[in-house]
Amino acid sequence: MAKQLPTGNYIEAVRSSCAALTEISPVQISDDGINKFLTTLDKHQYEELSIDTPMRMPLKFESLAEELNFVALIDLLNFGSGYRLPLHEMTGRGAFDTIRFGAMSFHIGGTPINAETFRNMTTFQVSEIFQLPIDREVKPPDMPYLTLTEPSELKPLADGIADVLKTTGDFLTAHKYPDLASFILDVTKQKPRSAAYLVEQLVRNLPGLQDSYIINGQPVHLLKKAQILTYHVWMFFKDQDPDRFAFDDINELTVFADNVVPTLLIHLGVIEIPEAWQEDMTENRVLSEITATTLRAASVVACQRIIERSAELGPIRDMNEGALDVYLWRLGKVGDYRRVPRFALRDTVMF
């Protein structure tokens, strides 16, 4: 079924639709929690963790376009968080590390990161490139002498990666773009330099970035991957080609709502959720799409309020949502925060 895309300004559509859903949900944004978060914030730690160093990899690129193509591939496929536990169990890597590993395998292995490769990608090829075991041997309890093969828990993730690559390749081919970089370079040649415009063009044209839902009859837009792709384009290339990539409206982006940011905000007391939802998260139960979308929407609202409050409270007075997102995401990898149970949604290619 075709997604209902935003109308008007896509970033404003994220903010307004997330606010509307949060308003009618059982989730609460705590003013006291926001104040405590800001007043206890470690300035040095924030400045260190708000820089997205995990995206910087020790690879050599022949041109800006080649590097742009690589960065765009990672963000296009930046999903799989719902498979975190089986990924760690079967591969020893989490979701982001799995996608980053696969992108590096493309680059180092010489597999072209282009429309033709994407269109022809199979689940089996994905399993090889990303080292995802998609099947396993089992012995039926009533026939121990017989060995059968069944899909592993990670096969749906491999299917999702293949599907996103195929739909992306189909769009690029139909519009005569050899690769993702060519499309992004074409979109960003217009003036003024606008992050919102790039987000809109990415979402309009690439099904794998159409992070929108209908909840209680109303559209809810999150656009996580399109926004983080735009943020990384700005981060990596604003100095190399400022006329094209130094977006004047970069600070208008919302947080890139996944499963980590809401989880950390809940743990830090900024977001308050029903006890039953907390129990589902603690027990590592897969959530419904409605619950997961509500939590993600609440994190957008909460982070906007944190930014607004930070102008007069706490050690960071020029905070923006991109850096706040990176800080929270990286904080989730530090010490005891890594052990905080995160919520999971399996049947999605959006986060």
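Details of the structure are given in the entry above.
Everything numeric here is computed off the predicted structure, so don't read it as measured data. (Residues numbered from 1 in each chain as written. Predicted model: local features only at pLDDT ≥ 70, side-chain atom pairs only at ≥ 80, totals over all residues. Heavy atoms only, no water.)

Here we look at unusual backbone geometry
Even without being glycine, K176 reaches a positive phi, approximately 60°. Within the fold, K176 resides in the loop between α9 (155–174) and α10 (180–187). One non-glycine residue, N216, adopts positive backbone phi at about 55°. By secondary structure assignment, the location of N216 is in the loop between β4 (212–215) and β5 (218–221). (Helix = DSSP H or I, 4+ residues; strand = E, 2+ residues; numbered from the N terminus.)

With respect to the packing of aromatic side chains
Under the counting rule described, the total for this entry stands at 14 aromatic pairs. Centre to centre, the rings of Y46 and Y327 are 4.9 Å apart; their planes meet at 50°, and the pair counts as tilted. Within this pair, whereas Y46 is found in helix α3 (residues 43–49), its partner Y327 is found in helix α17 (residues 321–331), the two being separated by 281 residues in sequence. The exposure class of Y46 is buried, given its relative accessible area of 4%. Between F245 and F247, the ring centres sit 6.4 Å apart and the planes meet at 90°, which makes this aromatic pair edge-to-face. Exposure remark for F245: the relative accessible area of 0% places this residue in the buried category. An aromatic cluster is built from F236, F237, F245 and F247, whose rings are joined through pairwise contacts. The side chain of R93 reaches across the aromatic face of F101, ending 4.1 Å from its centre. (Phe/Tyr/Trp six-rings, centres within 6.5 Å; stacked < 30°, edge-to-face > 60°. Buried < 20%, exposed > 50% of the residue type's maximum accessible area, 1.4 Å probe, protein only. Lys NZ or Arg CZ within 6 Å of the ring centre and 35° of its normal.)

Looking at the nonpolar core
One finds L77, I161, I271 and L324 to be the most contacted residues of the largest nonpolar core, which totals 120 residues. Sequence-distant contacts of L324, that is, excluding residues within four places in its chain, are made with F37, Y46, C303, I306, I307 and M319. (Core = buried A, V, L, I, M, F, W, Y, C linked by side-chain atoms within 4.5 Å. Contact = heavy atoms within 4.5 Å.)

With respect to the packing of helix α4 (residues 64–76) against α10
At a minimum axis separation of 8 Å, α4 and α10 run at an interaxial angle of 105°. Taken as axis vectors, α4 and α10 run roughly perpendicular relative to one another. Along its contact with α4, which presents L64, A65, L68, N69, A72, L73 and L76, the element α10 presents L180, A181, I184 and L185. Across the contact of α4 with α10, the residue classes break down as ten nonpolar, one polar and no charged. (Axes fitted to C-alpha atoms, helices over the stretch in contact; angles between N-to-C directions. Parallel < 35°, antiparallel > 145°, perpendicular 65-115°, else oblique. Nonpolar A, V, L, I, M, F, W, Y, C, P; charged D, E, K, R; others polar.)

Details of the pattern of salt bridges
Scanning the model with the defined rule gives 16 salt bridges in all. Close ionic contact of E47 with K43 constitutes a salt bridge, the shortest N to O distance being 2.6 Å. With E47 and K43 both in helix α3 and four residues apart, the pair spans about one turn of that helix. K43 gets classed as partly exposed once you look at its relative accessible area, which sits at 40%. One continuous salt-bridge network, built from bridges that share partners, spans E279, D280 and R285. (Salt bridge = Lys/Arg side-chain N within 4 Å of Asp/Glu carboxyl O.)

Structural notes on the environment of I161
Summarising the element assignment, I161 is placed in helix α9. The exposure class assigned to I161 is buried, which follows from its relative accessible area of 0%. For the pair I161 and T123, spaced 38 residues apart in sequence, the C-alpha separation works out to 7.8 Å. Ignoring sequence-local partners within four residues, the contact set of I161 consists of L77, F79, I99, V126, F130 and L132.

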